[in-house]
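Analysis of the macromolecular model
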Amino acid sequence: MTSRQLLVSTRNTHKIEEIRHILGPQFEVFDLSIIPDMPEVEETGVTFEENAELKAIAASHLFDGWVIADDSGLEVDSLGGAPGVLSARFSGPGATDASNRTLLLERLSSVRGKSRSARFRCVLSLARSGTALASFHGSVEGTIINSEKGSLGFGYDPLFVPEGHCETFAQLGAVVKNTLSHRARALSALKQWNGWRG
Ligand code: IMP
């Protein structure tokens, strides 16, 4: 079986690692290190879908083949859906995963129980030759706990316990996370896309 080549428009090594793991040998996944001159894409969209499309289209002008971009983030119900599309930049200029988690815990310090409900969302945009062809969505419901637990994964993983589990994504690790995550669900839809047959 020959694998399908796919460029993922990201420099986020965690995302790439997860996408490779989830897609498996059917796809040969490249990241933006093959286009070192590609300028940073400004994420000016107000939805995950808009930002995913911006990143996918930009890279598809510079790569002859299939391109996907992942835009994803965490929505916390008691914060009105924040940090949402601003998940990576939640704590402002120079934000890191650690500073974002610290701010999230601060914002939720007086919020208890069921009100700490949240979900991760992922939108994948598929593009080719400057045109967006389709988008694929995935989400996973869960709860934000009171302090960080676990050291695996990235971003908000040490604070997020997915529904039906007692441990965070950072404790559960890649094998479990990659079967039920927002990214796994969006990638499953991508794999089933009708257009691959064309
Ligand atoms: P993006 O690169 O603009 O899509 O930002 C994604 C941000 O959302 C990341 O920097 C993380 O803060 C958060 N995020 C997205 N997916 C995950 C995940 O699977 N685990 C933990 N945090 C995530």
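My aim in this report is to walk through the structure given alongside it, one point at a time.

A few words now on the packing of helix H4 (residues 169-180) against helix H5 (residues 182-191). Direction vectors running N to C along H4 and H5 enclose 50 degrees, while the axes themselves pass 5 Å from each other. Classed by the angle they form, the pair H4 and H5 counts as oblique. Between H4 and H5 the crossing geometry is right-handed. Residue-level contacts link Lys177, Asn178, Thr179 and Leu180 of H4 to His182, Arg183, Ala184 and Arg185 of H5. Split by residue class, the contact of H4 with H5 holds two nonpolar, three polar and three charged.

Relative to the assigned elements, Asp157 resides in the loop between strand S5 (131-144) and strand S6 (160-162). Taking relative accessible area as the criterion, Asp157 reaches 2% and is therefore assigned buried. Among the polar contacts made by the side chain of Asp157, one reaches the side chain of Lys177 at a distance of 2.9 Å. Contact partners of Asp157, with chain neighbours within four places excluded, come to Phe120, Leu152, Thr168, Phe169, Ala170 and Lys177.

Its place among the elements puts Ser125 in strand S4 (residues 117-128). Contact partners of Ser125, with chain neighbours within four places excluded, come to Ala52, Glu53, Ala56, Val67, Ile68, Ala69, Ala132, Ala134 and Ser135.

This next bit is on the pattern of salt bridges. Counted by the stated rule, this structure contains twelve salt bridges. Here Asp70 ties to Lys15 by a salt bridge, and the two come within 3.0 Å at their closest N and O atoms. With a gap of 55 residues between them, Asp70 in strand S3 (residues 66-76) and Lys15 in helix H1 (residues 13-23) connect regions that are remote in the sequence. Between Glu18 and Lys177 there is a salt bridge, with its nearest N and O atoms 2.7 Å apart. Taken together, the residues Glu18 in helix H1 and Lys177 in helix H4 connect sequence positions 159 residues apart. A single burial state applies to Glu18 and to Lys177, both of which are buried.

Criteria and thresholds
- Residues numbered from 1 in each chain as written.
- Predicted model: local features only at pLDDT ≥ 70, side-chain atom pairs only at ≥ 80, totals over all residues.
- Heavy atoms only, no water.
- Axes fitted to C-alpha atoms, helices over the stretch in contact; angles between N-to-C directions.
- Helix = DSSP H or I, 4+ residues; strand = E, 2+ residues; numbered from the N terminus.
- Parallel < 35°, antiparallel > 145°, perpendicular 65-115°, else oblique.
- Left-handed = near helix turned anticlockwise from the far one by under 90°.
- Contact = heavy atoms within 4.5 Å.
- Nonpolar A, V, L, I, M, F, W, Y, C, P; charged D, E, K, R; others polar.
- Buried < 20%, exposed > 50% of the residue type's maximum accessible area, 1.4 Å probe, protein only.
- Polar contact = N/O pair within 3.5 Å; in protein donor to acceptor, adjacent residues only side chain to side chain.
- Salt bridge = Lys/Arg side-chain N within 4 Å of Asp/Glu carboxyl O.

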